[in-house]
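# Breakdown of the fold
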Amino acid sequence: MKNRVTRVASAAALAVGAFLIPVAANATGTSAVVSLDNPVVGWNNATSANNDYRLGLMLNLITPGPYYLDQAGKLVLNKNYVSSASSAVKSGKQVVTYVINPKAVWSDGVAINADDFIYIWQALSCNEAYTDKGGAPYDAAGCSGYDQIESVKGSLPKSAAGAAQACDAGSSGNRNAGLCPNGKTVTVTFKAGQSYPEWQGLFGLLPAHKIRVTGFNTGYDDDATALDNVLSGGPYKLSSFDRDNNNYTFVKNPRWWGTAGKLDTIVFKDLGSDNNGVAGLEAGDYNVFEPTAITATIKAQADAADVSQQIKKGYQFEHLDFNMGTTADYNVGPGNAAVRNVKVRQAIAYAINRDALIAATAGAIYNTDVLDNRIFMIGQDGYKANGKAYDIGGLVAGRTKAKALLTAAGYKYNTNDDYYHIGTTTGAKLTLKLVMNGTTARLAEAQLIQSMLRAVGISVTVATASNGQSLGHAVSYDMVIFAWVGSPFLSGNKDIYSCDGGSNFGGYCNAAVDAKMTAANKSLTMAAEASLYGAADLLMWNDMPTLPLYQKANFAAWKGLTGVVVNPTSAGITWNADKWATS
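Calculation criteria
- Residues numbered from 1 in each chain as written.
- Predicted model: local features only at pLDDT ≥ 70, side-chain atom pairs only at ≥ 80, totals over all residues.
- Heavy atoms only, no water.
- Disulfide = S-S within 2.5 Å.
- Helix = DSSP H or I, 4+ residues; strand = E, 2+ residues; numbered from the N terminus.
- Buried < 20%, exposed > 50% of the residue type's maximum accessible area, 1.4 Å probe, protein only.
- Contact = heavy atoms within 4.5 Å.
- Polar contact = N/O pair within 3.5 Å; in protein donor to acceptor, adjacent residues only side chain to side chain.
- Axes fitted to C-alpha atoms, helices over the stretch in contact; angles between N-to-C directions.
- Parallel < 35°, antiparallel > 145°, perpendicular 65-115°, else oblique.
- Left-handed = near helix turned anticlockwise from the far one by under 90°.
- Nonpolar A, V, L, I, M, F, W, Y, C, P; charged D, E, K, R; others polar.
- Core = buried A, V, L, I, M, F, W, Y, C linked by side-chain atoms within 4.5 Å.
- Pairing = 2+ DSSP bridges.

### Structural notes on the state of the cysteines
Evaluated as defined, the whole model comprises three disulfides. Linked covalently through their sulfurs, Cys126 and Cys143 form a disulfide whose S-S length is 1.7 Å. Torsion about the S-S bond of the Cys126 and Cys143 cystine: about 60°, corresponding to right-handed handedness. Highlighted residues: Cys126 in the loop between α2 (114-123) and β7 (149-155) and Cys143 in the loop between α2 and β7, separated in sequence by 17 residues. On the accessibility criterion, Cys126 (57% relative accessible area) is exposed. Note on Cys143: relative accessible area 5%, which makes it buried. Across the disulfide from Cys167 sits Cys180; the S-S distance is 2.0 Å.

### Some details on the side chain of Thr295
Turning to its location among the elements, Thr295 is positioned in the loop between β12 (288-289) and α6 (296-304). Looking at Thr295, the relative accessible area reads 13%, which means it is buried. In contact with Thr295, not counting residues within four places along its chain, are Ile365 and Ala441.

### Regarding the side chain of Asn353
Within the secondary structure, Asn353 sits in the loop between α7 (342-351) and α8 (354-360). By relative accessible area, which is 16% here, Asn353 ends up buried. Looking at Asn353, its side chain comes within polar contact range of the main-chain nitrogen of Asp355, at 3.2 Å. Within the structure, the side chain of Asn353 is placed 2.9 Å from the backbone nitrogen of Ala356, a separation counted as a polar contact. Setting aside residues no more than four positions away along its own chain, Asn353 makes contact with Gly393, Gly394, Leu395 and Met452.

### Quick notes on the packing of helix α12 (residues 511-520) against helix α13 (residues 526-543)
For any two helices packed against each other, one specifies the inter-axial angle together with the distance between the axes. Relative to each other, α12 and α13 sit at 165°, their axes nearing to 8 Å. In terms of their interaxial angle, α12 and α13 are classed as roughly antiparallel. For the element pair α12 and α13, the recorded crossing hand is left-handed. Across the interface between the two elements, Ala512, Val513, Lys516, Met517, Ala519 and Ala520 of α12 pack against Glu529, Leu532, Tyr533, Ala535, Ala536, Leu539 and Met540 of α13. In terms of residue class, the contact of α12 with α13 is built from 11 nonpolar, no polar and two charged.

### Considering the nonpolar core
With 82 residues, the main nonpolar core has Leu320, Ile348, Leu453, Ile458 and Met479 as its most contacted residues. Every residue in contact with Leu453, bar those within four places of it in the chain, is listed here: Ile348, Ala351, Ile352, Ile458, Val460 and Met479. Counting 74 residues, the second-largest nonpolar core is a separate cluster that includes Leu59, Tyr67, Ile118 and Tyr146.

### Some remarks on unusual backbone geometry
Unlike most non-glycine residues, Arg175 shows phi in positive territory, near 60°. In this structure, Arg175 sits in the loop between β7 and β8 (185-190). For Arg175, a relative accessible area of 23% gives the class partly exposed. With a phi close to 55°, Met544 is a non-glycine residue in the positive phi region. Of note, Met544 is situated in the loop between α13 and β19 (546-558). What makes Met544 buried here is its relative accessible area of 0%.

### Side note on the sheet that holds strand β6 (residues 93-100)
Read from one edge to the other, the open sheet built from four strands follows the order β5-β6-β8-β7, with strand pairing classed as antiparallel. One side of each edge strand has no neighbouring strand; the edge strands of this open sheet are β5 (82-90) and β7. With strand direction ignored, the average angle separating the axes of adjacent strands in the sheet is 15°. Relative to β6, β5 runs antiparallel, the two being bridged by eight bridges. Bridged to Val82 within β6 is Ile100. Sheet contacts for α2: β6, β7 and β8; angle to β7, the most-contacted strand, approximately 165°.

Written as structure tokens, this is what we have:
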């Protein structure tokens, strides 16, 4: 899955919490304050309701997983949690084996073991046989990879004396009967013919012994019990928080078995507005500032201030999405019937001059180009300019095609007001609602799109959603601007673009696209997977469920710290927070 960063929506890596903090060096004390621009709801980033980038920044400090993504976006085995991980084909099935670090424990002292792997597989498998506390279906943010697993089983090595160690029996109620849940070796067997090339992106863990009791879907939403229930398997733990003021404090986890983090305390503190970020660094209110989006104003402020900064193109991109839903899925409600017409969506794409939009926004700060692929970033292996035909968007030729498509869709052009109308030239104007989160950059983009669509006869109303409001939380729209934040992995795209995808907020559905992505996620090699995802993207350019705009850059500024490094993936700025130290 990907984290959504509308911040209408505000989006975790492909496996929630899987890419965590590597080993740190010497502990020295003190604290750091990280700016937080969006309120978060709940603590379980693996649910569609709480799958949020900013929450992920905090969970980086506490969530165990076998691998993390480093500053180059490369996978690194996290030996704090597993001493080894390997994949092989046995009897025609892919089998992955993890050996858990024998020292690994949750912050309540319970061992991290096979049961945690078993639980997260079942919760994210999209298998109706597995249900949450009370029998409700699991609200999984995404199921890619987990839905291809046949079984997850634990085992125990022989003792030093050569005697077999006893496995716990498990229970039918916990759905781990006979699976050796106390095992420290975990064997994951994929279904026949359903290999998963991105297996390293799986298994960001939750404490099975705790969340079975609280419940997966909403058990972590109860602030009154969060300090007891939100356990840590990382170098820090949640110590206190003030949800109303969006402030959260993490302290060292006394049960952490790895090298201690350098800072004693890491605080996430409400920013209010990105415009306060650099000034907050200079005033000492914050040590780390990662804005929702880098703007010319923020960059100029950082350049003029006595702060450190880094900007790096990442695995995230800005895009325009259409609400094609006919029901109240994700609480967004059905979209305007117009955007369910592919000709209208194509017309909108031909009306938008993406080069001009970039030049007026992100292009004034860093070099970036029109993105003609919604799966791959420019320069990433597999990238092809599948949407190149739309590069004429907003030009004379593009506007001509847009008007022809609107006419073909049955809308009537009124030469007196230069708008398309529904039914007849005197019918209601073709009017669409465009939603964004109100930041300076997004507002500029929305107003440019509004103007470009006006030039082809479409009326657009721009609406602002409150900061932190999510596409899964009652935002009604016909079009929406936001960004997906991801990683080099591709499989999470299935959750976004498949008919029943956990993050398919626009209600898009094409069985042929589903088939390509399903086959891709069963490939044995990443090359085969990339080819199939490329074919899926090509099909989507005919359907236009989304219009990719441009690849975004990750930016952060900081003061009073060393060791801060921008990560190009959804791991975010706190990916190595245990290596930060005061300067």
